[in-house]
Structures are given as structure tokens and as C-alpha cells.
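The primary structure of each chain is shown beneath.
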Amino acid sequence: MHLVLTANPKRPETEKARARIAEIAAAMGFSYTLYNGEETDVPPNTDAFVVIGGDGSLIRVAHVTCKRGLPLIGVHCGRVGFLTELNESEIEMALSRLRAGDYAVSTRVMLDVRVNNGEPVPCLNDVLVFKHSFSGVTQLDFSVDANPVGTLFGDGVVVATPTGATGYSLSAGGPIVADGLDAMLITPICPHTLHIRPIVASINSTITIRLSEACFVAADGDRIAELKKGDLVTVTRSSYVTKILTFGDRNPFRLISEKLS
């Protein structure tokens, strides 16, 4: 079996962990390549991506693997770690079970974000539309499936997948979503209007956000566009999914208690 190993280049400890994991994989008879951001780092015979780092590292790699249908194995070297479930000490166990086919596949829905009906940008966690300046508020008019929700006066809005429910959306007052529920979460950020509350919509919904002031839009934490008055942001379900391999029981409520307490 062939693995692609990737680590967060900004954190030296993850590079060292990748070197140790590469040695373990080779000793177990796996072939591997090191992913450093180039398409040529992912050969056609790849069976899985091993991501060493935090959730942010896994989310960034998901933009590559989703288009190839490749599964991810997350090794935790970050601060929180909802998606990177393994510790480095567990990698030998995980690779043995990978070779034996003894694992579960967690398939995560993704979103597509478009600006003014342009090309879609896929994201695993969330779409953020946020005010351009530090002071004041912005004004957003948004709809769910062409049904107007109202005008939001505040800092912005997060549209999240269930995977992104424990990220910015949760910090902004959004709900926790149980595993297995396909939904789209719409969470206003510091709203100055009491009638705009967090919304749970179908994953197949179309969310439209019309700008009345300058803002920016980001997908999974990467800013993708500067927005001006009158611009339209559309969020829909993506045709891509992210596959994450798991090797044990996953209780999201226990994780939230452990990671965020």
C-alpha cells in the first residue's frame, strides 16, 4: 500500500513526527511519498493521506484529497484535534488495521461557495462572510431556498457543515450537530438584530447572501474574495466529500467536553 505523508510546514515538531512515522511505515512494508504541496507528490497508486498536525492541516489537505476520492488519516499534533483522532504512538496500530481493512470511513459533506455565480470553491468546515473594517457593523440580506430570512446587522455570518459545527460557528453561538445529520448551519456573528438567530437548514438548501457594504468571504479560513456593495455570495452542497478513516469509537460530545473545557 502507498501512503502520502503531509505535515504542517510552519511547525517543526510536525515535520519531525512525519519523519518518525515515515520510518514506521517503511518498516511495516508501506511505500510512501512526502507531500509538500505539489501535484506530483500524489502518485496514482496512493491509498491514503496521513496528515500530521491539527485540524487546520487536515482541512487544508481535504481540498486536494476530495477531488481524488482519497481518504485521510489524521495524526494529532495540534491544539484541539476534533478531526485528527490518532496520537503518534497509535500510528503502528492504525497502519496495521489499514492494511487489514479494519477501520471505519467517516464521509463528511462539503459546501461550495460562489461569488456572483462564479466558479465554486469547495470547503469542508465553513464559509465566512465578515465585515471589512474593525469598527461598526455590516449589513447582509440573506435567504434560504429563495425565502428571505431578513437583514442582518452585525459582524457577519458563518455557514457551516456539521464538521464545522465545532469551529467558528460554535464560538459564535451555533448549535452542536450530532454525527450522521446532514445539515447546513447559518450562524450570525454578533448580530445587532434580535430576530436573526442561528438556523439549521437542509444540506441541500441554497443560501444566498447579498452585500450592502464591503466585506470579505473566506472558505475554510482562506480569504477568497473582497466583496463590495451589491455582490452575491451563494452557498450550496458540494458534489465533493471528504473521507476520514477512523479506528475507534468517536463520541463528539465527549470530544467537545475534553477539547474545549
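Scroll up a little and you will see the structure.
Residues numbered from 1 in each chain as written. Predicted model: local features only at pLDDT ≥ 70, side-chain atom pairs only at ≥ 80, totals over all residues. Heavy atoms only, no water.

Enquirer: Outline the overall build of the protein, supporting the account with residue identities and numerical values.
Expert: Within the protein, the secondary structure is distributed over five helices and 16 strands. For the protein, the spread of C-alpha atoms along the three principal axes comes to 60 × 40 × 30 Å. Looking at the protein as a whole, 49% of its 261 residues qualify as buried. Across the protein, every contact between residues at least 6 apart in sequence was considered, and the portion connecting residues at least 24 apart equals 67%. Of the roughly 12,000 Å² of accessible surface on the protein, a fraction of 51% belongs to carbon and sulfur atoms. Across the protein, the mean location of the 24 positive side-chain charges is 3 Å away from that of the 28 negative side-chain charges. (Helix = DSSP H or I, 4+ residues; strand = E, 2+ residues; numbered from the N terminus. Buried < 20%, exposed > 50% of the residue type's maximum accessible area, 1.4 Å probe, protein only. Contact = heavy atoms within 4.5 Å. Areas by Shrake-Rupley, 256 points an atom, 1.4 Å probe, with all protein chains shown as cover. Lys, Arg positive; Asp, Glu negative; His and termini not counted. Charge placed at Lys NZ, Arg CZ, Asp CG, Glu CD.)

Enquirer: How would you explain helix α2 (residues 55-65) if you had to name every residue and give the values?
Expert: Each full turn of the α-helix corresponds to 3.6 residues, which orients residues three or four apart in the same direction. The buried fraction of α2 amounts to eight of the 11 residues, a majority that puts the element mostly inside the structure. Residues of α2 that are buried include every one of Asp55, Ser57, Leu58, Ile59, Val61, Ala62, Val64 and Thr65, and no others.

Enquirer: For the sheet that holds strand β15 (residues 222-227), give the residues involved together with the corresponding values.
Expert: Pairing is antiparallel in the open sheet, where six strands are placed in the order β12-β11-β10-β7-β14-β15. The strands lining the two open edges of the sheet, one partner per strand, are β12 (199-202) and β15. Each strand of the sheet is rotated relative to its neighbour by a mean of 20°, with strand direction disregarded. One ladder, built from five bridges, connects strand β14 (residues 215-219) with β15; its direction is antiparallel. Residue Cys215 lies in a different strand from β15, and its bridge partner there is Leu227. (Pairing = 2+ DSSP bridges. Axes fitted to C-alpha atoms, helices over the stretch in contact; angles between N-to-C directions.)

Enquirer: Account for helix α3 (residues 91-100), with residues named and values stated.
Expert: All buried positions along α3 are accounted for by Ile91, Ala94, Leu95 and Leu98. The arc that holds the buried residues of α3, viewed along the axis, is 95°, so those residues lie on one side. Buried-residue contacts for α3 involve β1 (2-7), α1 (12-27), β3 (46-53), β4 (71-76) and β16 (232-246). Backbone geometry just downstream of α3 places Gly101 in the positive-phi region, at approximately 75°. (Arc of directions from axis to C-beta.)

Enquirer: So what's going on with the pairing of strand β10 (residues 156-160)? Which residues, and what values?
Expert: In terms of residue burial, β10 counts as a mostly covered element, since five of its five residues are buried. Here β10 shows no split at all, with Gly156, Val158 and Ala160 on one side and Val157 and Val159 on the other all buried. Judged from the five bridges that link them, strand β7 (residues 126-131) and β10 form a sheet pairing that is antiparallel. Following the sheet pairing, Val129 is matched in β10 by Val157.

Enquirer: Explain the pattern of salt bridges to me, and be specific about the residues and the numbers.
Expert: Where side chains of opposite charge bring their charged atoms close, a pairing between them can arise. Applying the stated criterion across every chain yields a total of eight salt bridges. When the shortest N-O distance is used, the salt bridge between Arg11 and Glu13 registers 2.7 Å. Arg18 is the salt-bridge partner of Glu15, the closest N and O atoms lying 3.1 Å from each other. Pair noted here: Glu15 and Arg18 are both in helix α1, with a separation of three residues, about one helical turn. Looking at Glu15, the relative accessible area reads 28%, which means it is partly exposed. (Salt bridge = Lys/Arg side-chain N within 4 Å of Asp/Glu carboxyl O.)

Enquirer: So what's going on with the environment of Tyr32? Residues and values would help.
Expert: Mapping Tyr32 onto the fold places it in strand β2 (residues 31-34). Along the chain, Tyr32 and Thr138 lie 106 residues apart, while their C-alpha atoms are 48 Å from each other. Beyond its immediate sequence surroundings of up to four residues, Tyr32 is in contact with His2, Leu3, Leu5, Ala22 and Ala26.

Enquirer: Pulling in residues and values, what's your account of the packing of aromatic side chains?
Expert: Under the criterion given, the structure shown has three aromatic pairs. Between Tyr35 and Phe49 the ring centres are 5.4 Å apart and the planes differ by 70°, which places this aromatic pair in the edge-to-face class. Residue Tyr35 is located in the loop between β2 and β3, and its partner Phe49 is located in strand β3; the two are separated by 14 residues in the primary sequence. We note that Tyr35, like Phe49, is buried. Seen from their ring centres, Tyr103 and Phe247 are 6.4 Å apart, and the 65° between their planes marks the pair as edge-to-face. Residue Tyr103 is located in the loop between α3 and β5 (104-115), and its partner Phe247 is located in the loop between β16 and α5 (252-260); the two are separated by 144 residues in the primary sequence. The exposure class of Phe247 is buried, given its relative accessible area of 7%. Between the NZ or CZ atom of Arg223 and the centre of the ring of Phe216, over which it lies, the distance is 4.0 Å. (Phe/Tyr/Trp six-rings, centres within 6.5 Å; stacked < 30°, edge-to-face > 60°. Lys NZ or Arg CZ within 6 Å of the ring centre and 35° of its normal.)

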